[in-house]
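Understanding the architecture of this molecule
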Amino acid sequence: MDNNFEVPAKEKIRETYEKYNDYFYEIMNNIVKILQEKIKLGAQPTYKSRVKSFKSYYKKVLRLKSDQAVQNDKLVCLTDMMGIRMICAFLEDINLAVEQLKTIFDIKEIEIKGADKKFSEFGYESIHVLIKLPESCVPERKYKYSNLEPLPDDIVCEIQIRTILQDAWAEVEHELIYKTEFSPFDAPLRRKLASINASLTLADITFQEIRDYQKKLQKEVDDRRQTFYLMADNLLDKKKEVKEEKINRVTPFVQGSIDELLLQAIHLHNEGNLEQAVEIYTKILNAVPPADKNVIAVISKHRGMAYFSMNNFDEAIKDFNTSLENDPKAYRPYYYLGIVYSIKKEYEKAIGYFDESLAINQFQAHTHFRRAMAYFEIKEYEKSMNDLNSALNLGMDKEECKVLQDKLSKKFGMSMK
């Protein structure tokens, strides 16, 4: 023991520390406002903030044996007095958040907590980022803060970045171990806690894998839909030759689950390997029990789009109807049926399907536009103009609408003479 160390007066230190409490919270609230405005992730994080409890603060001050603490009326500044927790949905969000923090604040230190623990030990990783306090976040020391000494220039705020599951573990771990100063010695109990930790880690990884899969699938589906729209435009505009654009992919696919097969089928679909895509779609449909209506609806819709791309309109119609039988509230199959019947020049039927699609979701620019074209073909010019205006109001490209707009202008011009 250092005999030259003078024990600080605890109550005096408490008084000095706690009079900064409101000041610290106001600073953190200002920082959180910046985070809410500037951090942009797929799912926006939630935030918690806390001022370090005096009990924890005092223990750390004693442990550090700070000479400043002996002065009693001087604030001993620690790096974790002000703590903000950013709670993210997915593991990928953590690194994205760190990179964005680097562009927003003056970063003093980045530390990965828990990375050095063995898999059998308690603890869960999180990233702690120490930021310099932005001048705009520090209130002026007047009125209720006039009795406070200025904070040192090197004071920081700690931002902890965790997933939802990491945060849940941290809260429970704090109650079970740190708050009670309890560390279990019983081996089975230690194994149980380690097992929970491992399960949460695995759950985080699994959630991220599902997220990655969804992103891949969504990208493929978006490309698939855009190609479908392009082909529909070409066919409706009576262009003679329609070929699918080949979309190159480098993502490897492994056959196995229905999800993997679907991703592979859409990948082949996007590359223009339509027969192979149809084969896999059919394989999925044959394996799905009739009770799985949502799966049947989705796969039938995609197979119908493949048949459409093969100019096999009769099979496409069957699949789109099957999709609707299993999911009557889906608006896209109605739209696709409207497209097919427009190509077949059965405009009344096409309009009926466009009506059904818009009854479910009226905010579809393309559907209003296609119905406008169908109305024009059956000489319902006023209805065609109304739909065209709706399409434009919903953001339809003006150039795409120009031909129909010119035709309608001529028709109305003729009727006015």
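Residues numbered from 1 in each chain as written. Predicted model: local features only at pLDDT ≥ 70, side-chain atom pairs only at ≥ 80, totals over all residues. Heavy atoms only, no water.

**Regarding the sheet that holds strand E3 (residues 107-113)**
- Read from one edge to the other, the open sheet built from five strands follows the order E1-E2-E5-E4-E3, with strand pairing classed as mixed. Pairing within the sheet leaves two strands with one partner each, and these edge strands are strand E1 (46-51) and E3. Sheet twist, expressed as the average angle between the axes of neighbouring strands with direction ignored, equals 20°.
- Summarising the sheet, E3 and strand E4 (residues 126-132) pair through six bridges and their orientation is antiparallel. Considered in E4, the bridge of isoleucine 112 is made with isoleucine 127.
- Across the face of the sheet, helix H4 (residues 91-104) comes into contact with strand E2 (82-88), E3, E4 and strand E5 (156-163) while running at roughly 155° to E5. (Pairing = 2+ DSSP bridges. Helix = DSSP H or I, 4+ residues; strand = E, 2+ residues; numbered from the N terminus. Axes fitted to C-alpha atoms, helices over the stretch in contact; angles between N-to-C directions. Contact = heavy atoms within 4.5 Å.)

**Some details on the packing of aromatic side chains**
- Evaluated as defined, the whole model comprises 14 aromatic pairs.
- Relative to tyrosine 57, the ring of tyrosine 17 has its centre 3.8 Å away and its plane inclined at 10°; by these criteria the two rings are stacked. Separated by 40 residues along the polypeptide, tyrosine 17 in helix H1 (residues 10-18) and tyrosine 57 in helix H3 (residues 54-64) bring together distant segments of the chain. We note that tyrosine 17, like tyrosine 57, is buried.
- Three or more aromatic residues link up through ring pairs in this structure, and these residues are Tyr17, Phe54, Tyr57 and Tyr58. (Phe/Tyr/Trp six-rings, centres within 6.5 Å; stacked < 30°, edge-to-face > 60°. Buried < 20%, exposed > 50% of the residue type's maximum accessible area, 1.4 Å probe, protein only.)

**Digging into the pattern of salt bridges**
- Under the counting rule described, the total for this entry stands at 16 salt bridges.
- In this structure, lysine 48 engages aspartate 167 in a salt bridge whose closest nitrogen and oxygen atoms are separated by 2.9 Å. With lysine 48 in strand E1 and aspartate 167 in helix H5 (residues 164-178), this pair connects stretches of sequence that are 119 residues apart.
- Overall, the relative accessible area of 6% leaves aspartate 167 in the buried class.
- Linked by salt bridges that have partners in common, Glu11, Arg14 and Glu18 make up one network. (Salt bridge = Lys/Arg side-chain N within 4 Å of Asp/Glu carboxyl O.)

**With respect to the pairing of E5**
- Within E5, eight of the eight residues are buried, which leaves the element mostly enclosed by the surrounding structure.
- Burial along E5 is two-sided: the residues Val156, Glu158, Gln160 and Arg162 and Cys157, Ile159, Ile161 and Thr163 are all buried.
- Two strands pair when backbone bridges link them, and E2 and E5 are joined in this way by six bridges, in the parallel orientation. What sits directly across from isoleucine 87, in E5, is arginine 162.
- As judged from the six bridges shared by E4 and E5, these two strands associate in the antiparallel manner. Directly across from lysine 132, in E5, lies its bridge partner valine 156.

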